[in-house]
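Chain by chain, the residues:
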Amino acid sequence: MRSTDDLTTRARIRDAAITVFGEQGFGVGVRAIATAAGVSPGLVIHHFGSKDGLREACDDQVRETVRAAKLESVQSPSPTTTMRQLAEIEDFAPLMAYLMRSLQSGGPLLRNFFEHMVEDTEQYLRAGIASGSVREVRDIAAMARYIATQNGGGMMMFLQLYAAEHDGPVDYRKALREYADRMMLPALEIYSGGLLADSSMLDAYLEQAG
């Protein structure tokens, strides 16, 4: 059984790795992560087995943090919860940098990470439906995949444009604040009331789909 200090060290290494991976990409070596965490490279391997094992732990932590925030929003919906999360949005900067690196990396790791994102999205949609804060949908799995794709792709596009506008590396704390300032109102309008004035297009699609 690991001691409390050992668990704390593991968490410190993991959190340092999330930051380093987000800043430098997944090609960075174990030594750089160990330096950021204030430990030896051997201790990183002791806790995670390999760099791939460390990345898997980072994936789990990023997903769990995002999932927990989303679940809070749908299970305990209130203006206070929303405003608090907005006020603290800069705290998500290392996680967002890591997430964007994951989406840009491609390959099997991206596919696995994205599929877990879809599963998490479906979980908080179901929680929202159960709590009454989210409307019933016709195909919850399809809705979860749509939301995960739109959110990931939309954020990636925003950050690419942000980098071009600011001509340099992305400051994720500032970028997240700007994203919230620009996107929150239209996002809340669409999710709260919808955009189309009637259901004629949906009705036609459903009729065609049979």
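Here is what the cut-offs are and how they apply
Residues numbered from 1 in each chain as written. Predicted model: local features only at pLDDT ≥ 70, side-chain atom pairs only at ≥ 80, totals over all residues. Heavy atoms only, no water. Helix = DSSP H or I, 4+ residues; strand = E, 2+ residues; numbered from the N terminus. Areas by Shrake-Rupley, 256 points an atom, 1.4 Å probe, with all protein chains shown as cover. Lys, Arg positive; Asp, Glu negative; His and termini not counted. Charge placed at Lys NZ, Arg CZ, Asp CG, Glu CD. Expected span 1.5 Å × (residues − 1). Contact = heavy atoms within 4.5 Å. Polar contact = N/O pair within 3.5 Å; in protein donor to acceptor, adjacent residues only side chain to side chain. 1 Å grid on protein atoms, 1.4 Å probe; cavity = no way out; pocket = protein on both sides within 12 Å on 5 of 7 lines; lining within 4 Å. Points joined across faces, edges and corners; volume = space filled by probe spheres on them. Nonpolar A, V, L, I, M, F, W, Y, C, P; charged D, E, K, R; others polar. Core = buried A, V, L, I, M, F, W, Y, C linked by side-chain atoms within 4.5 Å. Buried < 20%, exposed > 50% of the residue type's maximum accessible area, 1.4 Å probe, protein only. Axes fitted to C-alpha atoms, helices over the stretch in contact; angles between N-to-C directions. Parallel < 35°, antiparallel > 145°, perpendicular 65-115°, else oblique. Left-handed = near helix turned anticlockwise from the far one by under 90°.

Asker: Explain the overall build of the protein chain here, please?
Answerer: Within the protein chain one finds ten helices and zero strands. For the protein chain, the α and β elements follow one another from N to C terminus as α-α-α-α-α-α-α-α-α-α. Dimensions along the principal axes, computed over C-alpha positions, put the protein chain at roughly 60 × 45 × 35 Å. Working note: accessible area of the protein chain is about 12800 Å², and carbon and sulfur atoms make up 56% of it. Each charge sign in the protein chain was given a centre, from 21 positive and 28 negative side chains, and these centres are 5 Å apart.

Asker: Whenever I open this one, helix α9 (residues 172–193) confuses me. Can you help?
Answerer: A rise of 1.5 Å per residue sets the reference length of α9, with its 22 residues, at 32 Å; its end C-alpha atoms lie 30 Å apart and thus fit the reference within 8%. Where α9 is buried, its residues contact α5 (79–87), α6 (93–105) and α8 (140–166). The opening residue of α9, the one whose side-chain oxygen lies 3.1 Å from the backbone nitrogen of Arg-173, is Asp-171.

Asker: Can you walk me through the layout of surface pockets in this structure?
Answerer: The gaps left among the atoms become clear once a water-sized probe is rolled over them. One number sums up the size of the second largest pocket: a volume of about 180 Å³. Lining of the second largest pocket is provided by Thr-19, Gly-22, Glu-23, Ala-93, Pro-94, Ala-97, Arg-101, Pro-169, Val-170 and Tyr-172. If you list the elements that add at least two residues to the lining of the second largest pocket, you get α1 (4–24) and α6. Counting residues per element, the lining of the second largest pocket draws most heavily on α6, at four residues. Considering only residue class, the lining of the second largest pocket consists of six nonpolar, two polar and two charged.

Asker: Explanation requested: the side chain of Arg-14 in the structure shown.
Answerer: One can find Arg-14 in helix α1. In terms of polar contacts, Arg-14 uses its side chain to reach the side chain of Asp-15, at 3.0 Å. In contact with Arg-14, not counting residues within four places along its chain, are Phe-48, Leu-54, Ala-57, Cys-58 and Gln-61.

Asker: Which parts of the structure should I look at to understand the nonpolar core?
Answerer: The tendency in soluble globular proteins is for nonpolar side chains to be buried as a group. One finds Phe-21, Val-44, Leu-54, Tyr-98 and Met-100 to be the most contacted residues of the largest nonpolar core, which totals 39 residues. The set of elements that each furnish at least two residues to this core consists of α1, α2 (30–37), α3 (41–48), α4 (51–75), α6, α7 (107–131), α8 and α9. For this core, the element with the most residues is α6, which contributes eight residues. Discounting residues that sit within four places of it in the chain, Met-100 has contacts with Gly-152, Met-155, Met-156, Leu-159 and Tyr-172. Membership of the second largest hydrophobic core comes to twelve residues, among which are Leu-71, Phe-114, Tyr-124 and Leu-125.

Asker: Would you mind showing me how to read α4 here?
Answerer: Every α-helix winds through 3.6 residues per turn, so residues three or four apart in the chain are directed the same way. In this model, α4 (25 residues) spans 35 Å end to end at C-alpha, consistent with the 36 Å of a helix rising 1.5 Å per residue. Inspection of α4 places Leu-54, Arg-55, Ala-57, Cys-58, Asp-59, Val-62, Arg-63, Arg-67, Ala-69, Leu-71 and Val-74 among the buried residues, and these make up the whole buried set.

Asker: Would you mind showing me how to read the packing of α4 against α7 here?
Answerer: Between two packed helices, the angle of one axis relative to the other and the distance separating the axes together describe the packing. It is at 9 Å that the axes of α4 and α7 come closest, and there the two elements cross at 20 degrees. What the angle tells us is that α4 and α7 run roughly parallel. Seen along the crossing, α4 lies across α7 with a hand that is right-handed. Contacts between α4 and α7 involve Arg-55, Asp-59, Val-62, Arg-63, Arg-67, Lys-70, Leu-71, Val-74 and Gln-75 from the former and Leu-109, Phe-113, His-116, Met-117, Asp-120, Gln-123, Tyr-124, Ala-127, Gly-128 and Ser-131 from the latter. Split by residue class, the contact of α4 with α7 holds eight nonpolar, five polar and six charged.

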